[in-house]
Amino acid sequence: MNQHRLRIGVLASGRGSNLQAIIEASVQGRINAGVVVVISDVADAYALERAKKYGIPGFHITPKDFRNKKEYEQAIVNKLREYDVRLVALAGYMRLVTDVLITAFDGNIMNIHPALLPSFKGLHAQQQALEYGVRYSGCTVHFVTIDVDGGPVILQAVVPVYDNDTEETLSARILEKEHIIYPEAIQLFSEGRLKRAGKRVLIT
Ligand code: GRF
């Protein structure tokens, strides 16, 4: 791999379709970045299968093997360091991160959320949007801070919400956009074009 490429470590708990989108963008040369390690807290996460398919090292690290959450997260940090990761991308990672990860990779952790933040934080964001009755929803790539789903917004994409939508149909519409804006945000980061100005992220 080209040494100048941004080295990404992905944390995922499940399906891993965002991981796949990032890997494809990388393989196709659309981003100057590569996924160098995938870590999952779930042993049979499909994300680990996807990593394997591309020859990317994948690890299952479970909190059960550690005395507490901080030790668990320190093990993740150690693994990310081992692979010289410069950007941590959370992609369907279903745990709240602690200051152990945030301090270790300060300003270099991204997440994707399936709603237009700050609306509909937390779980089942698409269902929350449906129940609220909004006409538009979407997704948000943001920097991760200790404030859950509250870090500085990098990119957002909007989709319409239709009267006959279900959680599944809306989620699918949003997911298509997720797969576009996550690689885009990573590319901007790799080019050093994301400048933090307080709560705002300016694209230079
Ligand atoms: C996505 O909807 C993402 O926004 C949310 O979790 C889901 C992960 O999907 N954080 P996948 O594992 O990337 O397919």
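Our subject is the structure that appears above.
What you see is a predicted model; the values in this text were computed from it and never measured.

Parameters and conventions
- Residues numbered from 1 in each chain as written.
- Predicted model: local features only at pLDDT ≥ 70, side-chain atom pairs only at ≥ 80, totals over all residues.
- Heavy atoms only, no water.
- Helix = DSSP H or I, 4+ residues; strand = E, 2+ residues; numbered from the N terminus.
- Buried < 20%, exposed > 50% of the residue type's maximum accessible area, 1.4 Å probe, protein only.
- Polar contact = N/O pair within 3.5 Å; in protein donor to acceptor, adjacent residues only side chain to side chain.
- Contact = heavy atoms within 4.5 Å.
- Salt bridge = Lys/Arg side-chain N within 4 Å of Asp/Glu carboxyl O.
- Near = heavy atom within 4 Å.
- Areas by Shrake-Rupley, 256 points an atom, 1.4 Å probe, with all protein chains shown as cover.
- 1 Å grid on protein atoms, 1.4 Å probe; cavity = no way out; pocket = protein on both sides within 12 Å on 5 of 7 lines; lining within 4 Å.
- Sits in = over half its atoms within 2 Å of the grid points.
- Points joined across faces, edges and corners; volume = space filled by probe spheres on them.
- Nonpolar A, V, L, I, M, F, W, Y, C, P; charged D, E, K, R; others polar.

## Description of the side chain of S13
Along the chain, S13 turns up in the loop between β1 (6-12) and α1 (17-27). Exposure remark for S13: the relative accessible area of 8% places this residue in the buried category. Here the side chain of S13 touches D41 through a polar contact of 2.7 Å, side chain to side chain. A distance of 2.8 Å separates a polar atom in the side chain of S13 from the backbone nitrogen of M94. Beyond its immediate stretch of four places on either side in the chain, S13 contacts S40, D41, V42, A45, A91, G92, Y93 and M94.

## Remarks on the pattern of salt bridges
In this structure the tally under the stated criterion is 8 salt bridges. Put simply, K70 and D99 hold a salt bridge, and the shortest N to O gap is 2.6 Å. With a gap of 29 residues between them, K70 in helix α3 (residues 69-82) and D99 in helix α4 (residues 99-104) connect regions that are remote in the sequence. The exposure class assigned to K70 is partly exposed, which follows from its relative accessible area of 44%. Between E82 and K79 there is a salt bridge; the shortest N-O distance is 3.4 Å.

## Focus on the site of the ligand
Around the ligand, a shell composed of R15, G16, S17, N18, G92, I112, H113, P114 and E178 is seen. Between an oxygen atom of the ligand and a main-chain N or O atom of G16, the distance comes to 2.8 Å. Between an oxygen atom of the ligand and a side-chain N or O atom of E178, the distance comes to 2.8 Å. Against a free-state accessible area of 370 Å², the protein chains account for coverage of 86% of the ligand. Placement of the ligand is best described as lying within the largest pocket.

## With respect to the layout of surface pockets
The volume enclosed by the largest pocket comes to roughly 940 Å³. For the largest pocket, the lining is made up of 36 residues, of which G92, Y93, M94, I112 and P114 are closest to its centre. Among the secondary structure elements, those contributing two or more residues to the lining of the largest pocket are α1, β5 (109-113), α5 (125-132), β6 (136-143) and α6 (167-190). The biggest single contributor to the lining of the largest pocket is α6, with 4 residues. Partitioning the lining of the largest pocket into residue classes produces 15 nonpolar, 15 polar and 6 charged.

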